[in-house]
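Architecture and fold: a report
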Amino acid sequence: MSQKVVVLGAGFLGVNAALDLASNGEEVLLLDRQDTHEYIPSSIDLLRGRVQRQELEIELEEFLPEEVEFKQVEVEDIRSEEKTVETRNGLIGFDKIVIALGGEPAEFGADISQAENVWGLEPAQNLTRKTEDVESALIVGAGYVGVETAGELEEKGIDVTMVDAGTRPMGRLDEKSSEKILEILQEKNICFKGGKTVNQVDENSVSFEDGGKEESDVVIWAAGVQASKTVQEIFDSGPQGVEVNQGLSVIGEDNMFAGGDCADIEPPKTAHKAMKQGEVVAENIYSDRESLKQIESGQNFLLLSFGDEAGLVFRDKLLFSSGFLRYFKDLVKTYYFTRLRIKKFLV
C-alpha cells in the first residue's frame, strides 16, 4: 500500500527524493514557494554571461511526471502529532514528510539587507546588473562561494577585495591548499584581508569589530549558509538546522526525514551531497526497512572555479587547477540535468 509523502522544497534533495519515491509507487506531493528547480552551483556563471538563466532552471509544472503532484505554496509550520503541514493555503496531511527547505545566507548578527549575494539565480542576476558599471567589489567571506565570485568578477575587470574573519581563504582546507588558493588570488590581483570580523554592512562599505572600515562600489555577502529560517522556527534548531541521524531521520520523530542545508549534518553541504541524500531518504521511506540506510560521510571531491580555471579539491586538499577542469565543471551541470530527465523517464 502506498504512503502519502509530502516533500518540502524543490532543491537538489527534494526533486531527487520526489522522483525516486514516485518510481517506487509512493504518492508524492512536492511543495515549494518557487515554481522552478534551480542549479544554484552555476549561479556565478551568470555574472559574465557564460550561461543564460533558462539553462540553469527547470519549470516544475512542465517537467515533473504526473505521478508527482506539485503545489507552489509557502510552508509555515509542521504539526507532527496531527501529521499535517500548515501552508498559507491551508493544511496538508501526510504519512511521511521530507524536509528539504534548503538554506539562506548566514548573517552572523549583521543586517545584510543592503549587500548583494549569489544565493540563487535571481540574486545572481541582480548582482550581474549591479556590476556592469562598477570598478570595485568587496566580498565578505572567503569560502567556496566567495572565492568563485571573486574569480568571476576579476575576469570582468573589476578590482576585487575579499575580507574574512579567518586568517586564510578556504579555511576548511588544509593549510598548504589554503596557501595555494591565496597564491592564485594574488596572481589575479585579488586582495585578501583576513582576521576581519564584519559588524555592519552598508551598500558601499562594511565596518569591522576592530573599528576599521572598507569601502567599495558594491558589497557582496558570501559568509556562509544557515538553515532555512522556517526550519529554524519550526524546530527551534538554530542556524545549523534540524537534528537528524545518519539515516536522515529527524531525531525524536518517526515520520520525518531531512537533509541538505536545513539539516544539522557534517559539512561541507554541497549540491551533490544533497542529491545523494535525497536518494537515501527516498530509499529509507519506500523500503520501510527497520535499519535505515546511512549517508556516506565526507566529500570525495569538489570543483572550485577561479574565473577561467578550476581546481580539484579532494578530501580537503587542492590537488591541481586547470582550464580543462573549468570546462569539466560545466559538464557536471549537463550530466546532472540529463540524469534528472532519465529519472523522470523511469517513473
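Above this note sits the structure.
The next thing to look at is the sheet that holds strand 1 (residues 4-8). One open sheet accounts for five strands, arranged 5-2-1-9-20; its pairing is parallel. Each edge of the open sheet carries a strand with a single partner, namely strand 5 (68-72) and strand 20 (256-258). Across this sheet, the average inter-strand angle for adjacent strands is 20 degrees, counted without regard to direction. Looking at chain direction, strand 9 (residues 96-99) and strand 20 are connected through three bridges and run parallel. The partner of V98 across the bridge, within strand 20, is F257. Contacts from helix 1 (residues 12-23) reach strand 1, strand 2 (27-32), strand 5 and strand 9, with the element oriented near 165 degrees to strand 2.

Moving on, we come to the side chain of S42. When you line up the elements, S42 lands in the loop between strand 3 (36-38) and strand 4 (57-59). By relative accessible area, which is 5% here, S42 ends up buried. Setting aside anything within four residues of it in sequence, one finds S42 in contact with V51, L56 and K333.

Another aspect to go through is the pattern of salt bridges. Under the defined criterion, the tally for this structure stands at 28 salt bridges. Measuring nitrogen to oxygen at the nearest pair gives 2.9 Å for the salt bridge that ties D330 to R50. Linking D330 in helix 8 (residues 323-346) with R50 in the loop between strand 3 and strand 4, this pair joins segments that are 280 residues apart in sequence. Across the pair R79 and E82 runs a salt bridge whose closest N-O atoms are separated by 3.5 Å.

Judged by nonpolar contacts, the single largest core of 90 residues is most densely connected at V6, L8, L31, I99, M162 and I181. Considering every element that reaches this core, the biggest residue donor is helix 1, with eight residues. Beyond its immediate stretch of four places on either side in the chain, V6 contacts L29, L31, V85, I92, G93, F94, K96, I97 and V98. Formed by twelve residues, the second largest nonpolar core is a distinct cluster that contains L138, V201, V206 and F208.

About the cut-offs
- Residues numbered from 1 in each chain as written.
- Predicted model: local features only at pLDDT ≥ 70, side-chain atom pairs only at ≥ 80, totals over all residues.
- Heavy atoms only, no water.
- Pairing = 2+ DSSP bridges.
- Helix = DSSP H or I, 4+ residues; strand = E, 2+ residues; numbered from the N terminus.
- Axes fitted to C-alpha atoms, helices over the stretch in contact; angles between N-to-C directions.
- Contact = heavy atoms within 4.5 Å.
- Buried < 20%, exposed > 50% of the residue type's maximum accessible area, 1.4 Å probe, protein only.
- Salt bridge = Lys/Arg side-chain N within 4 Å of Asp/Glu carboxyl O.
- Core = buried A, V, L, I, M, F, W, Y, C linked by side-chain atoms within 4.5 Å.

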